[in-house]
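# Descriptive structure summary
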Amino acid sequence: MAILVCGGAGYVGSHAVHELIQQNEDVVIVDNLQTGHKQAIHPQAKFYQGDIRDAVILDKIFMENKIDAIIHFAANSLVGESMVEPLKYFNNNVYGMQVLLESMVKHKIDKIVFSSTAAVYGEPKRVPIMEDDETKPTNPYGETKLTMEKMMKWVNKANGINYVSLRYFNVAGALDDGSIGEDHAPETHLIPLILQVPLKKREHITIFGEDYPTEDGTCLRDYIHVIDLADAHIRAMNYLRSGKESNIFNLGNGKGFSVKEMIAAAEKATGESIKVEVGARRAGDPAQLIASSEKAQTILGWKPCYTNIEQIIKTAWTFHKKHPNGYDE
Ligand code: UFG
């Protein structure tokens, strides 16, 4: 039996595929390559280029392969873009989930692990955030992921499809050897943008606001390494395989780092000094997002291995030094 990884050519998806194959799982990937990269596709995975909104390609995949479970990463994920193009997010994310779930019902596939986000919580009332805290997204991206979770909840009751939703905080880093990593166009995430300074691709990093109610005035985020995240997906899949009930878990390190602390850690990790400018706040940024991952630790037995922020940034640095212009040199 194989695992179908939707979005297996993307940042988190490609690392999850790598870990699945390390554990001798058979992997089938479907990816439309809109944000994913051909070069990130594992050579041992069977690849279909296609869109999950296309029921015909899903039929073909389910007929040509014995699929046991699905891990779903195929979604758009930029907060800023979602504010400008909400319908793109509802179409690709929500409608994509609908077609995928319809196909799962049709082909009797009853397990799905879903890539969700801390953005479902919106501005948190307390930190660390627990899974049963209020969900009140402040942008269409978070709204679509919350809607996708709700779709799975009702399909679970009606059609017996079991799901695990993993709400990630700030994903960071790359495979230790730097063969795969984070490559977005346009890049909006803090760590790759900071690293563009020592790569001489940008002159400075702009801090988006230093007047937040935090110790140094900059936003606190909970950074989790992409390989720890991949491990959590495999644990979630095995949890479903063992017949356990549907569930939702936060994934983070439980510790917040400020933007200024991240820049200092990147200076240590790269051995270069990084020029900084302070700019205005970015719309929609909560002051702090920190996860309680106690539930994942207790129920999935998950424990992050990468807890040192400098070490996390070092893995990203290895990837970016190897691929200074991303995958498409
Ligand atoms: N930041 C800067 N300068 C930059 C880029 C980012 O100061 O050039 C700051 C941001 O303002 C924020 C922090 O660095 O305070 C991290 O920003 P990212 O863009 O890297 O990540 P976000 O915290 O915005 O995004 C994360 C996840 C999303 C999730 C969101 C929830 O990547 O999937 O948290 O708010 F939706």
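As shown above, the structure is provided for reference.
These notes cover the structure that comes with them. (Residues numbered from 1 in each chain as written. Predicted model: local features only at pLDDT ≥ 70, side-chain atom pairs only at ≥ 80, totals over all residues. Heavy atoms only, no water.)

## Some details on helix H8 (residues 259–270)
Rule in force here: Starting at the N terminus, helices and strands are each numbered in turn, a helix being any DSSP run of H or I of at least four residues and a strand any DSSP run of E of at least two. By definition here, a helix of n residues has an expected span of 1.5 Å times n minus one. Each residue gets one of three labels from its accessible area relative to the maximum for its type: buried under 20%, exposed over 50%, partly exposed in between, using a 1.4 Å probe on protein chains only. In this description, the arc belongs to the directions extending from the helix axis to the C-beta atoms.
Counted at 1.5 Å a residue, the expected span for H8 with its twelve residues is 16 Å, and the 16 Å between its end C-alpha atoms agrees. Residues of H8 that are buried: Val259, Met262, Ile263, Ala265, Ala266, Ala269 and Thr270. Each buried residue of H8 sits inside an arc of 165 degrees when the element is viewed along its axis, so together they form one side. Gly271 lies just past H8 and shows a positive phi near 70 degrees.

## A look at the nonpolar core
Inclusion rule: Here, nonpolar core refers to any group of buried Ala, Val, Leu, Ile, Met, Phe, Trp, Tyr and Cys residues whose side-chain atoms link them within 4.5 Å. An automatic or database domain assignment supplies the residue ranges for each domain. The contact criterion used is simple: two residues touch if any of their non-hydrogen atoms lie within 4.5 Å.
Core analysis: the biggest nonpolar cluster contains 72 residues, and Leu251, Met262 and Ile313 have the highest contact counts within it. In terms of domain composition, this core takes at least three residues from each of domain 1 (2–172 + 224–251) and domain 2 (190–221 + 254–322). Those residues within four positions of Leu251 in sequence are excluded, and the remaining contacts are Leu166, Arg167, Tyr168, Phe169, Ile224, Leu229, Ala232, Ala291, Ser293, Ala296 and Trp302. In terms of nonpolar packing, the next biggest core, distinct from the first, is built from 30 residues, Tyr48, Ile57, Ile70 and Met148 among them.

## Some remarks on the side chain of Asn92
For clarity, the cut-off: The term polar contact refers here to a pair of N or O atoms within 3.5 Å; inside protein, the definition further demands a hydrogen-donor-capable atom paired with an acceptor-capable atom, and it admits residues adjacent in sequence only when both atoms are side-chain atoms.
By the secondary structure assignment, Asn92 is in helix H4 (residues 86–106). We classify Asn92 as buried; its relative accessible area is 8%. Engagement of the side chain of Asn92 in a polar contact is seen with the side chain of Asn76, the distance being 2.6 Å. The residues contacting Asn92, other than those within four sequence positions of it, are Arg53, Ala75 and Asn76.

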